[in-house]
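Structure assessment
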Amino acid sequence: KLSQMLWRDLEDPTLSESRRFRAAVGLTAFANQKHGEHDERWRNLAPFVAKRLLVEIVSDPAALSTWTTAFVPVRQSLIPELSRIFRDRAVSDASRQYAASVLAAYVADDPGLLVDLLLDATPQQHAVLKPRIKLVEKSVRKQLHHALALEPPAEGEPKDVSRAHRRRAYAM
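Residues numbered from 1 in each chain as written. Predicted model: local features only at pLDDT ≥ 70, side-chain atom pairs only at ≥ 80, totals over all residues. Heavy atoms only, no water.

1. Details of the overall build of the protein chain
Within the protein chain one finds 10 helices and zero strands. Taken across its 172 residues, the protein chain has 37% of its residues classed as buried. Counting only contacts in the protein chain whose residues sit at least 6 apart along the sequence, the fraction spanning at least 24 positions is 68%. Just so you have it, the protein chain exposes about 10000 Å², and 54% of that area is on carbon and sulfur atoms. (Helix = DSSP H or I, 4+ residues; strand = E, 2+ residues; numbered from the N terminus. Buried < 20%, exposed > 50% of the residue type's maximum accessible area, 1.4 Å probe, protein only. Contact = heavy atoms within 4.5 Å. Areas by Shrake-Rupley, 256 points an atom, 1.4 Å probe, with all protein chains shown as cover.)

And the structure:
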């Protein structure tokens, strides 16, 4: 069966990353037909697939829309890893910027996640998210208002200074 062969290729770390990624692309066609059946497998492979997706986009930015669309059927499994990359300062600026572009498409219908990303966005990432935010502006305003109203961490609790700084900046 084709899907079994593709899963075998995707899950085989001894194969080239390119071959594994192409198997992932092929499997997205089956994700539409059998929603939820392989969610756990996709979540487990999300770090590889998200990283490789961004490698492909960075190497050919004109293919951004094509690659983003190809993985829509499994976007829910990729969002957490793409969000991690979006925030990871150790990752290249190009990968973080394209992660913002892919996430803007994948979370356009989730104002809460858009706000969460916005609070951690660099100015360049903010520019990518802003058009999506405008589409759901009323919902985003509610979510942003709620996020800004959150209490700061109690004494002794770790805090994300950059995020707190952004919250104060948005409040001004």
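2. Brief notes about the pattern of salt bridges
Tallying each qualifying case throughout the model produces 10 salt bridges. Between Glu 11 and Arg 41 there is a salt bridge, with the nearest N and O atoms lying 2.9 Å from each other. In this pair, Glu 11 is assigned in the loop between α1 (2-10) and α2 (17-33) and Arg 41 in helix α3 (residues 39-59), connecting sequence segments 30 residues apart. Of the residues examined, Glu 11 reaches a relative accessible area of 33% and is grouped as partly exposed. Residue class for Arg 41 comes out partly exposed when judged on its relative accessible area of 29%. Asp 120 is the salt-bridge partner of Arg 87, the closest N and O atoms lying 2.5 Å from each other. (Salt bridge = Lys/Arg side-chain N within 4 Å of Asp/Glu carboxyl O.)

3. Focus: the side chain of Gln 125
Of note, Gln 125 is situated in helix α8 (residues 123-135). Once residues lying within four places of it in the same chain are set aside, the contact partners of Gln 125 are Phe 86, Arg 96, Gln 97, Ala 100 and Asp 120.

4. Brief notes about the environment of Gln 76
Mapping Gln 76 onto the fold places it in helix α5 (residues 75-87). A residue is classified by how much of its surface remains accessible, and Gln 76, at 55% relative accessible area, is exposed. Spatially, the C-alpha atom of Gln 76 lies 8.9 Å from that of Val 107, the residues being 31 residues apart in sequence.

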